[in-house]
Amino acid sequence: MSFDPIDHDLERGLKNRREILGDAWVDRSLSRANNFNAEFQQLITRFAWNEIWGRPGLDKKTRRAMVLAITMALGRWEEFELHVRAALQGGQEDTRLTPDELKEVLIQTAIYAGVPAANTGFTHAMAILREIGPDIGYTLEPADITAAAHPGIGQERATFSKPTLHYTLRRARNGAPRRTIVLSHALGCDLDMWDGLANALAADHDVVAYDHRGHGGSDAPAGLYTMAELAEDAARLVRELDCGPVVWIGLSMGGMVGQELAIRHPELVSALVVANSTSAYPDNVRAVWQQRIETVRAKGIEAIADAVMERYFHAGFREEKSAAVAAFRKRLVSTDTEGYMGCCNAVGTVDTTDRLPQVKAPALIIAGQLDQGAPVTMSETMARQIPGAKLVVLEDASHLAVAEQPKAFERAVSEFLAGLPR
């Protein structure tokens with residue numbers, strides 16, 4: 001039996017240590033080893049860096065974040081500073097944290113370890129960023145705290161023009177935005193419907209989500225609306241924000257608005273995503289929409305709420321995600337009655353089919369395989385009518401596909417955006 005002179009646990013530990021802390025720091029530490037501390041150096045390398053950091057159950061970026069949180073919570077500031085420096089510029093690039101990711105760790109730790117620890121953590125981290133910021137392309141700049149916004153919500157604002165539209169603006173987190181994207185929600189919903197997709201897209205794009213007139217925090221003028229009016233609302237919003245041309249992503253009613261907007265104001269739309277929508281209803285379905293208006297006028301939205309949820313979500317989702325469905329139902333029944341009836345008229349009278357060849361923007365049509373409100377055949381019609389349009393059908397998705405199949409929906413949108421000209 002031969003003897004292997006290599007201590008593999010030690011070598012594995014050194015490899016992990018170098019990946020996280022960087023060669024320069026590890027070489028400097030090893031050069032300081034002596035007959036008093038060498039055994040301790042070996043112990044921590046074999047145990048901490050091999051036994052713990054060598055476990056595959058968590059990726060190394062997650063382990064970095066945990067170390068930062070724990071050392072901050074315990075007030076181990078020397079160790080904290082070591083790992084802040086390593087997280088920002090040490091070791092392998094794919095294990096590093098960005099300054100914004102570091103900020104999120106500090107904010108998260110503030111909740112569970114206390115604000116005093118977070119204050120000190122921010123102080124230490126900012127001192128390091130002032131020192132190494134130029135090397136990693138990050139500059140600390142003065143900022144107005146009243147203008148700061150939660151990145152998962154964005155800045156909440158309202159249009160100056162009337163009727164007032166409530167909207168949120170999420171700025172691109174990773175530097176200059178590639179595009180501005182506008183998200184337009186379904187009937188009886190509001191801009192919160194888009195939170196998951198909006199946060200994903202806001203990594204690289206400015207993202208605007210807004211409430212249609214008659215919904216959420218927007219004005220609800222009396223009377224029955226037309227799709228042309230909803231499209232003009234959208235045009236007002238884009239012009240007021242001076243963010244056009246935009247990528248328009250609309251679901252159901254929002255998709256109808258996007259079609260009309262792209263036809264009426266092609267200069268405002270650079271690309272169009274129409275999900276779970278239609279360009280027209282047959283006469284018998286138009287009559288159903290008018291009947292819905294009369295039912296709501298006589299009995300209120302509560303009278304139709306359960307039926308709407310059955311069309312918005314398939315049975316499996318309603319059973320497995322009952323709390324999510326309940327939240328959508330609550331939003332529906334709290335919608336302004338006048339506003340809801342007004343938008344029902346706009347949806348029920350939508351008619352863009354013959355004009356869709358006028359759409360010049362690249363287009364993606366998303367359909368839900370199980371959608372009863374806007375069957376796949378309606379999406380196929382739009383895809384045929386819009387020059388060059390692409391059709392994607394999502395399995396196990398009904399009408400609110402972005403809620404039922406968020407990852408598949410996001411993937412379809414992201415692949416479409418990746419194929420757009422820069």
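What this report covers is the structure whose coordinates are included nearby. (Residues numbered from 1 in each chain as written. Predicted model: local features only at pLDDT ≥ 70, side-chain atom pairs only at ≥ 80, totals over all residues. Heavy atoms only, no water.)

### Description of the overall build of the chain
Working step 1: A count of helical and extended segments in the chain gives 18 helices and eight strands.
Working step 2: Overall size of the chain, expressed as C-alpha extent along the three principal axes, is 90 × 55 × 40 Å.
Working step 3: Burial status across the chain gives 47% buried among its 422 residues.
Working step 4: Here the contacts in the chain between residues at least 6 apart in sequence split such that 74% fall between residues at least 24 apart.
Working step 5: With the model as given, the accessible surface of the chain reaches about 20,900 Å², and the carbon-plus-sulfur share is 52%.
Working step 6: Where the 45 positive side-chain charges of the chain centre and where its 55 negative ones centre are 1 Å apart. (Helix = DSSP H or I, 4+ residues; strand = E, 2+ residues; numbered from the N terminus. Buried < 20%, exposed > 50% of the residue type's maximum accessible area, 1.4 Å probe, protein only. Contact = heavy atoms within 4.5 Å. Areas by Shrake-Rupley, 256 points an atom, 1.4 Å probe, with all protein chains shown as cover. Lys, Arg positive; Asp, Glu negative; His and termini not counted. Charge placed at Lys NZ, Arg CZ, Asp CG, Glu CD.)

### Considering the sheet that holds strand β2 (residues 166-170)
Working step 1: Read across the open sheet, the eight strands follow the order β1-β2-β4-β3-β5-β6-β7-β8; overall the sheet is mixed. Whereas interior strands pair on both sides, the edge strands pair on one side only; in this sheet they are β1 (155-158) and β8 (390-394). Neighbour-to-neighbour, the strand axes of the sheet open up by a mean angle of 20°, direction not taken into account.
Working step 2: Pairing analysis gives five bridges linking strand β3 (residues 180-184) to strand β4 (residues 206-210), with the strands arranged parallel. From the neighbouring strand, Ile-181 faces β4, where its bridge partner is Val-207.
Working step 3: Where helix α9 (residues 227-241) meets the sheet, its contacts fall on β1, β2, β3, β4 and β5 (246-251), and the angle it forms with β4 comes to roughly 140°.
Working step 4: Each of β3, β4, β5 and β6 (269-275) touches helix α10 (residues 253-264); the most contacted strand, β5, lies at about 140° to it. (Pairing = 2+ DSSP bridges. Axes fitted to C-alpha atoms, helices over the stretch in contact; angles between N-to-C directions.)

### Topic: the nonpolar core
Working step 1: Among the nonpolar cores identified, the biggest contains 94 residues, and Trp-248 and Phe-409 are the most heavily contacted of them.
Working step 2: In contact with Trp-248, not counting residues within four places along its chain, are Val-182, Ser-184, Tyr-210, Ala-234, Gly-254, Val-257, Gly-258, Leu-261, Val-269, Ala-271, Leu-272 and Val-273.
Working step 3: Formed by 17 residues, the second largest nonpolar core is a distinct cluster that contains Met-72, Val-84, Ala-87 and Ala-110. (Core = buried A, V, L, I, M, F, W, Y, C linked by side-chain atoms within 4.5 Å.)

### Quick notes on the layout of surface pockets
Working step 1: Approximately 1,800 Å³ is the volume found for the largest pocket.
Working step 2: Taken together, 45 residues line the largest pocket, and the ones lying closest to its centre are Pro-99, Asp-100, Lys-103, Tyr-138 and Arg-173.
Working step 3: Looking at which element gives the most residues to the lining of the largest pocket, the answer is helix α6 (residues 99-113), with eight residues.
Working step 4: Around the second largest pocket, the lining comprises 18 residues; the ones closest to its centre are Ala-48, Trp-49, Trp-53, Glu-79 and His-83.
Working step 5: Looking at the lining of the second largest pocket, the elements that each hand over two or more residues are α1 (8-21), α3 (38-52), α4 (60-73) and α5 (77-89).
Working step 6: With six residues, the single largest contributor to the lining of the second largest pocket is α3.
Working step 7: Tallied by class, residues from the lining of the second largest pocket come to 12 nonpolar, three polar and three charged. (1 Å grid on protein atoms, 1.4 Å probe; cavity = no way out; pocket = protein on both sides within 12 Å on 5 of 7 lines; lining within 4 Å. Points joined across faces, edges and corners; volume = space filled by probe spheres on them. Nonpolar A, V, L, I, M, F, W, Y, C, P; charged D, E, K, R; others polar.)

### Focus: the state of the cysteines
Working step 1: With the rule as written, the count across this model stands at zero disulfides.
Working step 2: Here Cys-189 stays unpaired: no disulfide links it, and the sulfur of Cys-343, its closest cysteine neighbor, is 11 Å away.
Working step 3: You can call Cys-189 buried: its relative accessible area is 2%.
Working step 4: Looking at Cys-344, it has no disulfide partner, and the nearest cysteine sulfur is the one in Cys-343, 7.7 Å off.
Working step 5: Since its relative accessible area comes to 0%, Cys-344 is described here as buried. (Disulfide = S-S within 2.5 Å.)

### Focus: the packing of aromatic side chains
Working step 1: This structure, assessed with the given rule, holds seven aromatic pairs.
Working step 2: On the basis of an interplanar angle of 15° and a centroid distance of 5.1 Å, the ring pair of Phe-313 and Phe-317 is categorised as stacked. The residues Phe-313 and Phe-317 share a single accessibility class, namely buried.
Working step 3: Following the ring pairs from residue to residue traces out a cluster consisting of Phe-313, Phe-317 and Phe-328.
Working step 4: Here the guanidinium or amino end of Arg-213 rests over the ring plane of Tyr-225, the centre of that ring lying 5.0 Å away. (Phe/Tyr/Trp six-rings, centres within 6.5 Å; stacked < 30°, edge-to-face > 60°. Lys NZ or Arg CZ within 6 Å of the ring centre and 35° of its normal.)

### Quick notes on the side chain of Ser-277
Working step 1: Here Ser-277 shows up in the loop between β6 and α11 (283-299).
Working step 2: Among the polar contacts made by the side chain of Ser-277, one reaches the main-chain carbonyl oxygen of Ser-252 at a distance of 2.9 Å.
Working step 3: Residues in contact with Ser-277, not counting those within four places in the same chain, are Ser-252, Gly-255, Met-256, Gln-259, Ala-374, Met-378, Ser-379 and Met-382. (Polar contact = N/O pair within 3.5 Å; in protein donor to acceptor, adjacent residues only side chain to side chain.)

### Digging into α9
Working step 1: For α9, spanning 15 residues, the distance from its first C-alpha to its last is 21 Å, which sits close to the expected 21 Å at 1.5 Å a residue.
Working step 2: Within α9 the residues assigned to the buried category are Met-227, Leu-230, Ala-231, Asp-233, Ala-234, Ala-235, Arg-236, Leu-237 and Val-238.
Working step 3: Each element contacted by the buried residues of α9 is listed here: β2, β3, β4, β5, α10 and α15 (337-348).
Working step 4: Taken from the residues just after α9, Asp-242 is the one with a positive phi, measuring 50°. (Expected span 1.5 Å × (residues − 1).)

### Considerations on the packing of α9 against α10
Working step 1: Running from amino to carboxyl end, α9 crosses α10 at an angle of 75°, the nearest separation of the two axes being 8 Å. With respect to α10, the axis of α9 lies roughly perpendicular. Along the contact surface, α9 presents Met-227, Ala-228, Leu-230, Ala-231, Glu-232, Ala-234 and Ala-235, while α10 presents Met-253, Met-256, Val-257, Glu-260, Leu-261 and Arg-264. (Parallel < 35°, antiparallel > 145°, perpendicular 65-115°, else oblique.)

### Here we look at α10
Working step 1: Between its first and last C-alpha atoms α10 spans 17 Å; for 12 residues at 1.5 Å apiece the expected length is 16 Å, and the two agree.
Working step 2: In terms of burial, α10 is a largely internal element, 11 of the 12 residues being buried.
Working step 3: Burial in α10 covers these residues: Met-253, Gly-254, Gly-255, Met-256, Val-257, Gly-258, Gln-259, Glu-260, Leu-261, Ala-262 and Ile-263.

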